[in-house]
Amino acid sequence: MQAFTQLTAVAAPLFRANVDTDIIIPSREIRGVGKQGLAEGLFAGWRYREIGGREPDPDFVLNRPEFRETKILLTGENFGCGSSREHAVWALAEYGIRAIIAPSFAPIFENNCVRNGVLPARLPSAAIESLIAGLEAGRTGRELTVDLEACEVRGADGCIHAFSIDKEARQMLLVGADAIDLTLRHRDEIEAFLDRDRQLRPWVYLQGERDERP
Amino acid sequence: MSAAAPLSLLDKLWLSHLVRELPGGTALLAIDRVMLHERTGSVALRGLAASGRPVLDPRRAFCTMDHVVDTRPGRGDATLMPGGEAFISATRAATREAGIRLFDVDDPDQGIVHVISPELGIVLPGLTLVCPDSHTCTQGAFGALAWGIGSTEAEHALATGTLRMRRPRSVRVTLTGAVGAGVTAKDLALTLITRYGADGGSGAVLEFCGPAVTAMDMAQRMTLCNMATEFAAVSALIAPDERTLDWLQGRRYAPVGETWERAVNAWRQLASDPEARFDAEWSLDATEVAPMVTWGTSPEQAVAVHAAVPLEPRPGRPTESYRRALHYMGLQPGQPLAGLPLDAAFIGSCTNSRLEDLRSAASVLRGRRIAPGLRAICVPGSTRVRREAEAEGLHEVFLAAGFEWREAGCSMCFFAGGEHFGTRERVISSTNRNFESRQGPATRTHLASPETVAASAVAGCITDPRPLLN
Ligand code: SF4
């Protein structure tokens, strides 16, 4: 997994609450059994004029020329709610989004971000609104710096906002760790747990075909 | 350390699965069951195979075909969704390779993952169960810690038998009083989401308790827990009671004989201790709840069926979200919901497609017909539900009323490029999500109970079901 330490890039405002994963990547845009080929379907319902079409809606923020190189999203509460589809994060990442700044995230989406090297940074609404005001005015450009080591978002005008993130999530993102590898280091403890648990809760441990009674 | 520190149900489930604490406040938690479906499970199994890691214990993982599979009578592998067959064949191949039991398209136990898992006794009290699907919380109705994850986390659970997880907040939701006639668990859930917000349960496990919960049958309890993800909650829980045990006994993967007795003894301990502490307490008097219907594009945008669209946004929410929802739904502030003409009605989904739901809808439809020009569809949650409904003759009630009667699956709960009701059509639906284009291109979804859907289908417009109940 790609590590995340610090990023200075164009940030786009999408200040809406409850942006769900059906909006981020509509199910109709997920055409194959895989994690690729999803960027084109990102925000398809908002980004294109027609459902299923490809003619850009010029009003949608990511279609505006000044936000073409967006790598950071500034958005509203409960971002990524709804379906658990990890395709939402795969689509964002493939498009080039590396960090999302929101007052809150839906829990499954937040985990999915961390597993794919995308930073979910929590910042209060008021701070996001002030960052958006700065970006929209465009006086100091459209870029922000997101610094995961310092847990800070910095604007070109010198403003600094401290963001919050889960400790383990931060650690995994900083080193680009693979969670399965980390967990398999505890293989002995997992085995010991299972040995104990088989005695305590035998009904948990199914026997395969033998359980296939009518 | 005090030996008798009071524990919540969540505490008990957490502690009994704790393999070890990890640095940074996370824990390694043992996972007892992994459920998969062809939409997201296929991706997880492929990812795992590509990394060369085996499934730790394939006997504790199960897979079903529900999301992509066609639901028209006489179906095979062909799907209306473009490319759907690739998901079906990939799932078949990947589960065979991994040695995971698959409930295939033509299996008598096939159905929506959260409907068949309880039916087969795959979920049991006290278990941890995960699935790459957000409505896994449904299964918390059995006193199991069951929650939705992403595909990468599903790979983790399959490969290691564990997940790395931060302990969720706990919220106790006490439902007092008793619901009136024609009011259901769906209406309670929509009332709670509207009151506490679509992010009100963020990061929490909600424990539902109180007399209104105790009085519910298992189907209603599942409906209530199903909607927990619409609060952004991690999951929901209901402590198992005699009703839960009766319901589970004899199910295929439930223990038998002496093991059943042992299990039951353990499960009777699965309740929050009287002095247990919660991070938050919510309550609702069920007596005050009316049949609900959503007006917007988030489940938090709901009102009583006889009420009107709110005049302003929810406090603290961006005005843009409110305006967008109204524009999308083609509604005005202050407009009454009752009487709004409908194009279609849908009864189905993991929220409301169990036998009890179909019975309730049929009791409204019996001897009546749906409004002319309206399209109405009923999709049982599982092949077993379909069989049992047909044995009672419910399918005849639906068909006589003008409903289509389908094979089991998710069907038009979500739009994957295949079947839909039509662009910008207005649909009343027993599902769980009214998101933009969730059910079809620009489709306007109004969420409601099966009773309200059935009554509205008859009236041809959104309507209060209570006058039609006998
Ligand atoms: S019925 Fe709908 S909400 Fe439930 S699992 Fe299927 S697609 Fe998801």
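Relevant structure appears above.
Conventions we followed
Residues numbered from 1 in each chain as written. Chains lettered and ligands numbered in written order. Predicted model: local features only at pLDDT ≥ 70, side-chain atom pairs only at ≥ 80, totals over all residues. Heavy atoms only, no water. 1 Å grid on protein atoms, 1.4 Å probe; cavity = no way out; pocket = protein on both sides within 12 Å on 5 of 7 lines; lining within 4 Å. Points joined across faces, edges and corners; volume = space filled by probe spheres on them. Nonpolar A, V, L, I, M, F, W, Y, C, P; charged D, E, K, R; others polar. Helix = DSSP H or I, 4+ residues; strand = E, 2+ residues; numbered from the N terminus. Buried < 20%, exposed > 50% of the residue type's maximum accessible area, 1.4 Å probe, protein only. Pairing = 2+ DSSP bridges. Phe/Tyr/Trp six-rings, centres within 6.5 Å; stacked < 30°, edge-to-face > 60°. Lys NZ or Arg CZ within 6 Å of the ring centre and 35° of its normal. Axes fitted to C-alpha atoms, helices over the stretch in contact; angles between N-to-C directions.

A.B. asks: How should I be thinking about empty space enclosed by the protein in this particular structure?
C.D. replies: Vacant regions in the atomic arrangement are exposed by a probe of water-molecule size rolled over the atoms. By the definition in use, this model includes 5 cavities of 30 Å³ or more. Reported here for the largest cavity is a volume of approximately 260 Å³. As for the largest cavity, its lining consists of 23 residues, and the residues nearest its centre are Ser 83 of chain A together with His 37, His 67, Asp 133 and Arg 438 of chain B. Taken together, the residues of the lining of the largest cavity break down into 7 nonpolar, 11 polar and 5 charged. Empty space within the second largest cavity amounts to approximately 170 Å³. Residue lining of the second largest cavity: 15 residues in total, with His 67, Val 68, Val 69, Ser 411 and Glu 419 of chain B positioned closest to the centre. Split by residue class, the lining of the second largest cavity holds 7 nonpolar, 6 polar and 2 charged.

A.B. asks: How do you make sense of the layout of surface pockets when you look at a structure like this?
C.D. replies: One number sums up the size of the largest pocket: a volume of about 760 Å³. Around the largest pocket, the lining is made up of 31 residues, and of these Gly 45, Trp 46 and Asp 57 of chain A together with Arg 324 and Glu 436 of chain B lie nearest the centre. Contributing elements (two or more residues each) for the lining of the largest pocket: strand S1 (6–14), helix H1 (21–24), helix H2 (44–47) and helix H5 (125–137) of chain A together with helix H11 (319–329) of chain B. Broken down by class, the residue content of the lining of the largest pocket amounts to 13 nonpolar, 4 polar and 14 charged. Roughly 620 Å³ of internal volume is contained in the second largest pocket. Taken together, 31 residues form the lining of the second largest pocket, with Pro 107, Glu 110, Asn 111 and Asp 166 of chain A together with Arg 166 of chain B sitting closest to its centre. When residues in the lining of the second largest pocket are grouped by element, the largest group, 6 residues, is from helix H4 (residues 107–115) of chain A. The class makeup of the residues in the lining of the second largest pocket is 14 nonpolar, 7 polar and 10 charged.

A.B. asks: Where do I start with the pairing of strand S6 (residues 128–131) of chain B in this structure?
C.D. replies: Along any regular strand, the residues point their side chains to alternate faces of the sheet. Residue and element names in this part refer to chain B. Across the two faces of S6 the burial is the same, with Thr 128 and Val 130 and Leu 129 and Cys 131 all buried. In this sheet, S6 lies alongside strand S3 (residues 33–37) in parallel orientation, the contact comprising 2 bridges. Bridge pairing in S6 links Val 34 to Val 130. Pairing of S6 with strand S7 (residues 145–148) involves 4 bridges; the strand directions are parallel. Its bridge partner being in S7, Cys 131 is matched across the sheet by Gly 148.

A.B. asks: Would you mind showing me how to read the packing of aromatic side chains here?
C.D. replies: Centre distance and the angle of the planes are the two values used to describe a pair of aromatic rings. Taken as a whole and assessed by the stated rule, the structure comprises 16 aromatic pairs over all chains. A centroid spacing of 6.5 Å and a plane angle of 15° characterise the contact between Phe 105 of chain A and Phe 109 of chain A, whose relative ring orientation is stacked. Each of the two residues, Phe 105 of chain A as well as Phe 109 of chain A, counts as buried. These aromatic residues form a ring-pair network of at least three members: Phe 43, Trp 46 and Phe 60 of chain A. Here the basic side chain of Arg 39 of chain B rests over the ring of Phe 87 of chain B, its NZ or CZ set 5.0 Å away from the ring centre. The cationic tip of Arg 251 of chain B hangs over the ring face of Trp 247 of chain B; the distance from NZ or CZ to the ring centre is 3.8 Å.

A.B. asks: Just to check I follow, could you spell out the sheet that holds strand S16 (residues 375–378) of chain B for this structure?
C.D. replies: Sheets are built from strands paired through backbone hydrogen bonds, the pairs being either parallel or antiparallel. Residues and elements named next belong to chain B. Reading across the sheet, the 5 strands line up as S17-S16-S15-S18-S19 and stay open at both edges, with parallel pairing between neighbours. The outermost strands of the open sheet, each flanked by one partner alone, are strand S17 (403–405) and strand S19 (444–447). Taken over all neighbouring pairs, the strand axes of this sheet differ in orientation by 20° on average, direction set aside. Relative to strand S18 (residues 426–429), strand S15 (residues 344–347) is paired through 3 bridges, and the arrangement is parallel.

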